[in-house]
Structure formats: C-alpha cells, structure tokens
Amino acid sequence: MNGTATKKIKVVSKARRKRREWFIGFAFALPVILGVLIFTFYPAVQSFFYSFTDYDFFNGDDLNFVGFDNYVYMFTVDPEIGKVFGNTLLYAVLSVPFGLIIGYLLALVANFKVKGVSIYRTLFYLPVIIPSVASGLLFLDILGGDSFGIINHLLGLIGIKHNLSFFSSEYTALASLIFMGSWSAGGSMIIWLSAFKNISPELYEAAKIDGASSFKRLIKITIPMSTPMIFYNLVTGMIGALQITSTLIIGGTEGRGVEDSLYFVSIKIYNEAFGGGFNMAYASAISWVLFAIIGFFTLLTFKSSKWVFYGE
C-alpha cells in the first residue's frame, strides 16, 4: 500500500510540475501572442470585412455591405490599378535577382581569409543600420536629377555638363530605385556568410586535390551547398519587393514618381487610405489582392524548390 501511494504521489507531482512549466512558458509567450492577435490578426480580419463594405474614415457610422463591388471596381474601372501592379511586378522581377547577386558577391569577397577582412565586413554592413528614411533622403541628394545632385555636380566639375536624370525621368527612375536598393545588400551578406561557414572544408580540400579551380569549386560546391539560403533570401526578398513603400520618400508627390513610374501597390493602398480620400474599404480590397498575389508567388516558389539541396 505504501509503495502504491508513493507512486501515485510521484505521478501527481510530475503532472503538477508539467502544468507549472507549461504555465510559466505560456506566461512568457503571452506578450507575443497578444501582440500578434491585437496588432496583426485582428486588423487583418477587420480589413477583410471592410473590403466588402463602403467604409471610409469620415463615414464609419454609415457602414454598408456592398459585396464584391470594391473588387469589381478595382479590375474594371480603376485606371491606375494596371499601372501599379505592373510597376510592382516589374520591380520585383528586376530587383530581387539583382539584390541576390550583389549580396552573394559581397559575401564571397568578405569570406576571403585576408588581413583586415573583419573591417571590410563591417563597412559592407554599415549601410544596413541607417534608417530607411535617412537612406532615402541621402539618395535624393546623391541622385538628384539636376546640377544640385552630388553625382551630377561632380560630373560638372570634371567638364561633363550633361545631367543624368535618375529619379527625375520615368525612364531611369526604376533603375535608380533598384540601384538604391543595393545600398543595403550587406544585410543579406551576413546570411550568405553563415551559409558559407556551414560548408565542410573537407569538400574544398578534396576538390583541390582533384585539381578543381576556384571557379569550379564555386560552381560545384559553394553555390549548391548554399542553395537553402538562396531559397530563403529569394522568398523573403520577393515578399519585401512586392510590398515596397520607399518611394513615399523619394517618389515626389504621393510617392508616385515622374509619370507614375514609381507608383507601386503599397503606395496605392496608402494613398487610398490616408492620401485624402480615406477610402479604407477600397484600400482593404487592394491589400487582400496583394496578399493573394504574394501568397501565390510564395507557394509557386515552394513548389518549384527541387533545386534546393538539403543534404549533408
């Protein structure tokens, strides 16, 4: 009897200890859970509901259910919607590969075992810690499309009087924005470096013994072994590119750019919600279409990820 009672007491004590551990863990996670529910989940559900209404900021009391009217208007009436989605997709298609390549090349350079390499890594990473607003204002000064821009001013000093247009022309604004994005490539460089450090040195030693050149080692070992990180940067870069909002700083009036050359979906959402019309319902509808597009491309990327190598 004593043995049975002792065993029951141990089982009860173990169960209490597990419940207490669960409660402590839940208490630590509760602030994050509440933050996600209050500031992410609830606004998302609310915006989904608003997208089927005629809600606006100044007429919130007279909210009426209008069904798919906002979505129908978006794809059949709104003259700007084709432009903003076209600009956004074009920017993503051009900027994501460019950013991946620049970050990868920086990581390859920063991975060399040379004296002072830590200084190079720090210099490459420093632009990442500069706030986006400050970076935007900085590039407005650097790429000013007149004699007051730093680059054009320097060209004028050496006798080149032709001013490069940069953000002041619809034909060069997008390319200038993509170039501006390369400023923060040091952020992905750190992730690439972590991938390089996980590659076994024995693979390189074996390749050297077999007479493989540096370029062949890059093609046959470094790139295949870092494909999981390429995949990660591809997905996160694509999601970030489709939600770009930096043109609110450098895009002029309402962040559109010259001839709407920098008018992206997120800027359209901002302008509809806060740019004067305060049409929260229509902005919510555009947001959910953008969400569906991002979800589609993310799913497509995962479905076509057979090229990613996860082996040892």
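Relevant structure appears above.
Here goes a summary of the coordinates provided. The residue numbering used here restarts from 1 in each chain and proceeds along that chain's sequence as written. For a predicted model such as this one, the threshold for reporting local features is a pLDDT of at least 70, and the threshold for listing and counting side-chain atom pairs is 80 or more; totals across whole chains, interfaces and linings nevertheless cover every residue. Values shown for side chains rest on all heavy atoms present in the structure; no hydrogens or waters enter the calculation.

Comments concerning the nonpolar core
Where a protein is soluble and globular, its nonpolar side chains tend to be buried together. Side-chain atoms within 4.5 Å link the members of a nonpolar core, which is a set of buried Ala, Val, Leu, Ile, Met, Phe, Trp, Tyr and Cys residues. Note on exposure labels: buried denotes an accessible area under 20% of the residue type's maximum, exposed denotes more than 50%, and partly exposed covers the range between, all computed with a 1.4 Å probe on protein chains only. Membership of the largest hydrophobic core comes to 55 residues, with the highest contact counts inside it found for Met74, Tyr91, Leu177, Phe196, Leu262 and Phe264. When contributions to this core are tallied by element, the ones reaching two or more residues are helix H2 (69-76), helix H3 (81-110), helix H7 (173-181), helix H8 (186-197), helix H11 (227-242), helix H13 (265-274) and helix H14 (280-303). Working rule for contacts: check all heavy atoms of both residues, and any pair within 4.5 Å makes them a contact. Residues in contact with Phe264, not counting those within four places in the same chain, are Val84, Asn87, Thr88, Tyr91, Leu174, Leu177, Ile244 and Thr247. Each helix is a run of H or I in the DSSP string that is no shorter than four residues. Each strand is a run of E no shorter than two, and both are numbered from the N terminus.

A short note on the packing of H8 against H11
With axes taken as lines fitted to C-alpha atoms, and helix axes fitted only over the stretch in contact, angles between N-to-C directions fall between 0 and 180 degrees. Relative orientation of the contacting elements H8 and H11 amounts to 160°, with a least axis distance of 9 Å. Taken together, the axes of H8 and H11 are roughly antiparallel relative to one another. The interaxial crossing formed by H8 with H11 has right-handed handedness. Together, Ser188, Ile191, Trp192, Ser194 and Ala195 of H8 and Met229, Ile230, Tyr232 and Asn233 of H11 make up the contact between the two elements. Side-chain classes follow a simple rule in which Ala, Val, Leu, Ile, Met, Phe, Trp, Tyr, Cys and Pro form the nonpolar group, Asp, Glu, Lys and Arg form the charged group, and the remainder, Gly included, forms the polar group. Of the residues in the contact of H8 with H11, the class split is six nonpolar, three polar and no charged. An angle below 35 degrees is read as roughly parallel, one above 145 as roughly antiparallel, one from 65 to 115 as roughly perpendicular, and any other as oblique. Note: crossing handedness is left-handed where the near helix turns anticlockwise from the far helix by less than a right angle, and right-handed where it turns clockwise.

A few points about the packing of aromatic side chains
When the centres of two rings from Phe, Tyr and Trp lie within 6.5 Å, Trp using its six-membered ring, the rings pair. Their planes under 30 degrees apart give stacked, over 60 give edge-to-face, and anything left gives tilted. Taken as a whole, this structure holds 20 aromatic pairs when the rule is applied. Ring geometry for Phe48 and Trp288: centres 5.0 Å apart, planes at 70°, overall edge-to-face. Here Trp288 lies in helix H14 and Phe48 lies in helix H1 (residues 2-50), a separation of 240 residues in the sequence. Assessed through its relative accessible area of 40%, Phe48 is described here as partly exposed. Each ring, one from Phe52 and one from Tyr71, has its centre 5.5 Å from the other, and the planes form 45°; the classification is tilted.

Honestly, it's all geometry; don't read function into it.
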